[in-house]
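As a plain string of letters, each chain reads:
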Amino acid sequence: MADDQHEEVSKKVSAEEEIRRGITVMRRVVQGRSRGIILDVYWNNQGQLIEPNGHTLTSFIGALVRNEIPITCDDWRNKELNESKEKIWSEIKRCFNIEEERRGFCMKLAGKLLRGFQTFLSSKFLKDADGNFVDAELPKKYESLISAEEWEAFKSKRQDPVFQRISATNRERASSPAYPYRKGRVGYGRLEQSMLQKEESSETSLPAHVLWKEARVGKSGVPQEEVLHVYQKCEELSQSLSPDDTKGILSRALDVPEYSGRVRGKGFGVTPTSLSIKKGKAPSNRELHARLEAMQAELDALRREREASASTVYKDASDKNSINCTFQPNIPEGISHCQLYLSSPYYRMVGNGKVHNVSGVLLHTTELPAGCLKVSVDIAVEPNAALPYPSDDSDATTVHEAVGSFVAWPTNLICVGYETPTKSKSKDNAIPRHTESTVSRKELQENEVSNASAQQKKEVSNASARVKSSGAKKTVARKKPTTKYRSCLRTFLEMTDIPTGGVRTVHMEVGIFGFDYDQMIGNEDFMQVFSHEEIGVTVVNTYIRFLYDKLMRPNGLDVSFGFLAPATVNLGLILSRPDTVTEYVLRILMDNKDAEKLFFIPFNTGGHWLLLAINPIREIVYYLDSLGNDWTTYPDMKVLIDTVLQAFRAQRDIQTSRRGANSITWIKVACPQQRNQIDCGYFMLRFMRDTLALGRLMIPTDYFEEFKCAFYTKDQVDEIKEEWCQFMIELNVFS
């Protein structure tokens with residue numbers, strides 16, 4: 001009780017001090033603007049304003065509201081306020097470096113600050129100590145902000161019976177809270193920031209109940225027993241509830257009525273939408289039953305399709321038009337190690353084994369089918385793949401079931417050794433083999449549609465419609481496992497000295513980064529991909545080699561796109577040797593000064609990967625960050641890129657007006673956002689892959705419609721890994 005009384009006295013003293021200090025006009029901000037000082041502002045992952053300059057921006061908005069909006073305003077959404085709101089936003093942008101997408105937050109904050117100012121005036125000047133209305137004169141302190149007419153109208157509105165009734169209800173609801181907030185004007189966003197900084201945590205956010213508890217710790221530093229009881233209940237619930245639960249853990253622990261759009265324990269600016277909290281009720285028993293029936297129907301359809309595929313796949317394999325790659329394997333006599341491929345529904349490796357090219361050999365006492373050889377299956381890369389010619393004697397129908405036994409395999413789908421077959425030049429109409437890793441724009445769109453369709457199928461309750469849908473069958477047929485090339489590459493590596501410290505090299509020719517060299521690659525780099533760890537520059541460079549070989553050169557995109565070496569352009573070198581970085585970037589740009597080109601810079605900040613895509617001719621820099629930060633987070637990076645582009649402009653002797661001298665455009669792209677601390681490298685690689693797949697020099701602000709999503713799924717990340725592993729196998733790096 002004494003602590004509560006002390007806080008009440010502190011609040012009164014603070015209010016009196018605020019009155020004595022005069023009206024806040026933020027002269028420091030305005031005067032700084034006149035000297036060319038524009039303040040940067042920062043935001044956390046939930047879109048809340050944080051330090052530095054978070055408190056300054058809040059105070060500045062409050063000052064603007066008091067100057068521009070009349071205190072008689074009852075409805076912040078009134079369209080008559082649009083002109084004043086526009087002026088407020090214009091003044092904010094003149095003094096603060098802030099993106100247009102933050103306007104909504106600032107306007108909501110302005111409305112909140114207006115209501116707070118109105119409440120302050122009413123409680124301080126229109127009520128006595130007992131809460132009774134007082135017919136007070138306009139305070140001289142506010143004569144410059146409030147006219148006499150506005151003051152009289154304001155008093156009249158505050159005495160209105162309807163307003164009094166609403167005010168009494170709100171006052172009763174807010175009085176004597178069971179768990180009072182004890183952090184003053186700090187707010188949840190800045191409280192969370194200070195907690196993370198104090199703990200030196202690598203996390204970007206804290207659970208709502210952890211923040212809620214800390215916000216209710218007073219000056220004594222000891223939380224009340226009731227607060228600890230709620231916190232402990234939250235901890236217990238967090239171990240038992242699903243992450244997708246529609247009601248928050250803190251709300252369940254408090255067991256109190258909720259308000260629409262509220263997220264407990266997160267504070268102003270956080271909504272269910274910003275946290276991607278799904279609203280909706282739990283499915284009924286009827287809905288669950290319908291889903292089970294749909295799943296059973298899908299299983300039946302898959303079983304029928306598999307049986308049909310097993311009986312027809314050999315015919316498909318012998319059909320030259322259905323094979324994505326045509327090649328004539330040179331299979332030596334005797335027994336040789338080989339890779340086993342299938343061509344339907346797409347061309348891919350499904351296993352490893354040994355081919356027995358021996359005259360007069362039989363398969364289980366029967367002759368081999370025409371065009372086939374006897375093979376023994378040792379490793380199943382794609383376990384569920386149907387055998388091209390099922391064995392009647394062993395009852396094996398899949399590659400996994402055939403491991404350790406002999407089966408017949410078409411000779412044109414057998415590759416001797418560990419080299420992947422290449423495109424035959426004898427056929428003009430032959431399609432390149434890399435249909436899985438190097439795909440056309442149409443194929444990528446089909447893959448995205450297939451992935452989306454597969455996800456939607458899980459939610460569809462009409463079983464018959466899904467079974468009859470030809471699109472569903474196509475999706476099932478095109479779906480491929482996500483670990484086959486990783487498993488295969490890992491097996492190959494175990495037979496080398498790489499796991500014990502051996503290294504290999506991947507040649508990086510001059511056309512990739514502007515200089516040629518041999519990239520060293522060792523066990524640590526492979527394990528980053530195998531174990532889903534944060535990837536380093538070696539994996540990034542070798543994946544760029546894959547993009548260069550498979551997407552750029554075959555499609556003529558090397559004249560429109562280029563890369564800059566991440567080992568040469570990164571935050572560490574910008575801080576230590578900026579001249580070296582500037583010289584390198586400028587040289588690459590000048591070597592390509594005669595044609596419009598988009599340059600990718602995989603940029604490492606010291607623990608995080610992001611992507612810069614620069615169009616030097618148009619002086620546009622696209623900024624893609626899977627953590628949602630903007631370029632103001634790395635001011636040294638922005639200064640160097642701007643300097644290089646200005647030097648590039650000067651060396652091309654491009655004349656600009658004084659106003660246009662600093663007209664370099666930075667665009668923050670709303671790209672997919674990662675949901676952990678590891679995926680930034682994979683997301684960055686996929687940003688480049690998506691752009692090259694579409695072949696466009698302009699990246700839309702809201703990202704490409706063809707690949708737009710809130711985040712990349714595990715399968716989409718695994719696709720990057722599979723492409724990298726397949727490419728390593730093709731390069732034969734383990735030899």
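Residues numbered from 1 in each chain as written. Predicted model: local features only at pLDDT ≥ 70, side-chain atom pairs only at ≥ 80, totals over all residues. Heavy atoms only, no water.

Undergrad: What exactly am I supposed to notice about the overall build of the protein here?
TA: Counting its secondary structure elements, the protein contains 24 helices and 16 strands. Counting all 735 residues of the protein, 44% fall into the buried class. The contacts in the protein between residues at least 6 apart in sequence include a share of 66% that link residues at least 24 apart. (Helix = DSSP H or I, 4+ residues; strand = E, 2+ residues; numbered from the N terminus. Buried < 20%, exposed > 50% of the residue type's maximum accessible area, 1.4 Å probe, protein only. Contact = heavy atoms within 4.5 Å.)

Undergrad: Sorry if this is basic, but what is going on with the pairing of strand 8 (residues 406-410) here?
TA: On a regular strand, one side chain projects to one face of the sheet and the next to the other, so that they alternate. Summarising burial for strand 8: 4 of the 5 residues are buried, a large majority. Sheet topology places strand 7 (residues 372-380) next to strand 8; 5 bridges connect them, and they run antiparallel. Across the sheet, the residue bridging to V375 is V407, located in strand 8. (Pairing = 2+ DSSP bridges.)

Undergrad: Would you mind going over the sheet that holds strand 7 with me for this structure?
TA: Within a sheet, each strand pairs with its neighbour through backbone hydrogen bonds, oriented either parallel or antiparallel. Overall, antiparallel pairing links the 5 strands, which are arranged 8-7-6-5-9 in an open sheet. With partners counted over all chains shown, the strands left at the sheet margins are strand 8 and strand 9 (414-416), one partner each. Ignoring which end each strand starts from, the neighbouring axes of this sheet average 45° apart. The sheet strands contacting helix 16 (residues 484-494) are strand 5 (334-342), strand 6 (348-357) and strand 7, and the helix crosses strand 6 at an angle near 45°. (Axes fitted to C-alpha atoms, helices over the stretch in contact; angles between N-to-C directions.)

Undergrad: What should I look at first to understand the environment of L645 in this one?
TA: With respect to the helices and strands, the residue L645 is situated in helix 22 (residues 635-651). Accessibility expressed as a relative area gives 1% for L645, which makes it buried. The spatial distance from the C-alpha of L645 to the C-alpha of R618 is 9.9 Å, given a sequence separation of 27 residues.

Undergrad: Looking at this structure, I do not really get helix 7 (residues 161-174). What am I missing?
TA: Along an α-helix, residues three or four positions apart point the same way, because every turn accommodates 3.6 residues. Look at helix 7: 20 Å from first C-alpha to last across 14 residues, which is about the 20 Å you get at 1.5 Å a residue. Capping of helix 7 at its N-terminal end is provided by D160; its side-chain oxygen lies 3.0 Å from the backbone amide nitrogen of V162. Looking one or two residues past helix 7, S176 carries a phi angle of roughly 50°, positive in sign. (Expected span 1.5 Å × (residues − 1). Polar contact = N/O pair within 3.5 Å; in protein donor to acceptor, adjacent residues only side chain to side chain.)

Undergrad: Hey, could you run me through the pattern of salt bridges in this one?
TA: Pairs can form between side chains of opposite charge once their charged atoms are near each other. Under the defined criterion, the tally for this structure stands at 34 salt bridges. R553 serves as the salt-bridge partner of D549, at 3.1 Å between the closest nitrogen and oxygen. For D549, a relative accessible area of 14% puts it in the buried group. K638 is the partner of D642 in a salt bridge, and the nearest nitrogen-oxygen pair spans 2.8 Å. Of the two residues, D642 and K638 are both situated in helix 22; the distance of 4 residues between them amounts to about one turn of the helix. The class of D642 is buried, set by a relative accessible area of 13%. Judged by its relative accessible area of 25%, K638 is partly exposed. Here the salt bridges share partners, and the residues they tie into one network are R486, K714, D718, K721 and E722. (Salt bridge = Lys/Arg side-chain N within 4 Å of Asp/Glu carboxyl O.)

Undergrad: Mind showing me how you'd approach the packing of helix 5 (residues 103-125) against helix 6 (residues 148-159) here?
TA: Packed helices, taken two at a time, are described by their axes: the angle between them and the distance between them. For the pair helix 5 and helix 6, interaxial distance at closest approach is 12 Å and the crossing angle is 80°. In terms of their interaxial angle, helix 5 and helix 6 are classed as roughly perpendicular. In contact with Q118, L121, S122 and F125 of helix 5, helix 6 contributes W151, F154 and R158. For the contact of helix 5 with helix 6, the per-class residue count stands at 4 nonpolar, 2 polar and 1 charged. (Parallel < 35°, antiparallel > 145°, perpendicular 65-115°, else oblique. Nonpolar A, V, L, I, M, F, W, Y, C, P; charged D, E, K, R; others polar.)

Undergrad: What's the story with the sheet that holds strand 15 (residues 620-624) in this structure? I'm lost.
TA: Judged by pairing direction, the sheet is mixed, and its 5 strands sit side by side in the order 12-13-14-15-16 without closing on themselves. One side of each edge strand has no neighbouring strand; the edge strands of this open sheet are strand 12 (561-563) and strand 16 (665-668). The average undirected angle you get between the axes of adjacent strands in this sheet is 25°. Pairing between strand 14 (residues 609-615) and strand 15: 5 bridges, direction antiparallel. Considered in strand 15, the bridge of L611 is made with L624. Against the sheet, helix 19 (residues 537-552) makes contact with strand 12, strand 13 (598-604) and strand 14, and its axis sits at roughly 160° relative to strand 12, the strand it touches most.

Undergrad: Explain the side chain of Q339 to me, please; I cannot follow it from the model alone.
TA: Along the chain, Q339 turns up in strand 5. Here the side chain of Q339 touches Y341 through a polar contact of 2.9 Å, side chain to side chain.

Undergrad: Even after reading the chapter, I still don't get the confidence of the model for the protein, so can you show me in this structure?
TA: Regions with low pLDDT carry predicted coordinates that are not meant to be interpreted in detail. Residues with a pLDDT of 70 or more make up 76% of the protein, whose mean pLDDT is 77. This stretch, residues 657-661, has a pLDDT under 50; its non-local contacts, to residues over four places away or in other chains, come to 4 contacts. (pLDDT = per-residue confidence, 0-100.)

Undergrad: Which parts of the structure should I look at to understand the packing of helix 16 against helix 24 (residues 714-731)?
TA: In contact at an axis separation of 8 Å, helix 16 and helix 24 are set at 40° when each is read in the N-to-C sense. Classified by the angle between their axes, helix 16 and helix 24 sit oblique to one another. Between helix 16 and helix 24 the crossing geometry is left-handed. On helix 24, the residues touching K484, Y485, R486, C488, L489 and F492 of helix 16 are D718, K721, E722, W724, C725, Q726, M728 and I729. Residue composition of the contact of helix 16 with helix 24, by class: 8 nonpolar, 1 polar and 5 charged. (Left-handed = near helix turned anticlockwise from the far one by under 90°.)

Undergrad: What is the right way to read the environment of T58 from this model?
TA: Residue placement: T58 occurs in helix 3 (residues 54-68). T58 gets classed as buried once you look at its relative accessible area, which sits at 17%. The spacing of T58 and C106 is 48 residues in sequence and 8.5 Å in space, taken between C-alpha atoms. What T58 contacts, discounting residues up to four positions off in sequence, is L49, L109, L113 and R190.

Undergrad: Mind showing me how you'd approach the packing of aromatic side chains here?
TA: Two numbers describe a pair of aromatic rings. These are the distance of the centres and the angle of the planes. Within the structure shown, the criterion is met by 24 aromatic pairs. When the centroid spacing of 6.5 Å and the interplanar angle of 35° are considered together, the rings of F513 and F515 count as tilted. A relative accessible area of 1% means that F513 is categorised as buried. Among the residues examined, F515 registers a relative accessible area of 29% and is labelled partly exposed. Taken together, the ring pairs in this structure connect F683, F687, Y703, F704 and Y712 into an aromatic cluster. Sitting over the ring of F711, R675 keeps its end group 3.6 Å from the ring centre. For R686, the ring lying beneath its charged end belongs to Y712, and the centroid distance is 5.2 Å. (Phe/Tyr/Trp six-rings, centres within 6.5 Å; stacked < 30°, edge-to-face > 60°. Lys NZ or Arg CZ within 6 Å of the ring centre and 35° of its normal.)

Undergrad: Honestly, helix 21 (residues 578-591) in this entry has me stumped. Any pointers?
TA: With 14 residues, helix 21 extends 20 Å between its outermost C-alpha atoms, agreeing within 8% with the 20 Å of an ideal straight helix rising 1.5 Å per residue. Here helix 21 has its buried residues at V581, Y584, V585, L586, I588, L589 and M590. Buried residues along helix 21 sit against helix 17 (510-513), strand 12, helix 20 (571-576), strand 13 and helix 22.

Undergrad: Where do I start with the pairing of strand 6 in this structure?
TA: Burial of strand 6 is extensive: 8 of the 10 residues sit out of reach of the surface. Two strands pair when backbone bridges link them, and strand 5 and strand 6 are joined in this way by 9 bridges, in the antiparallel orientation. Bridging from a neighbouring strand, G334 pairs with N357 of strand 6. Looking at chain direction, strand 6 and strand 7 are connected through 6 bridges and run antiparallel. Its bridge partner being in strand 7, H356 is matched across the sheet by K374.

Undergrad: Is there a simple way to explain unusual backbone geometry in this structure?
TA: In terms of backbone geometry, most residues other than glycine have negative phi values and most peptide bonds are trans. Residue P52 is reached from E51 by a cis peptide bond, and omega for that bond is 0°. Along the chain, the position of P52 falls in the loop between strand 3 (49-50) and helix 3. Backbone geometry places H532, a non-glycine residue, at a positive phi of 55°. On the secondary structure map, H532 appears in the loop between helix 18 (523-530) and helix 19. The partly exposed category is assigned to H532, whose relative accessible area is 25%. Phi at E619 is positive, roughly 55°, even though this residue is not glycine. For E619, the position within the fold is in the loop between strand 14 and strand 15.

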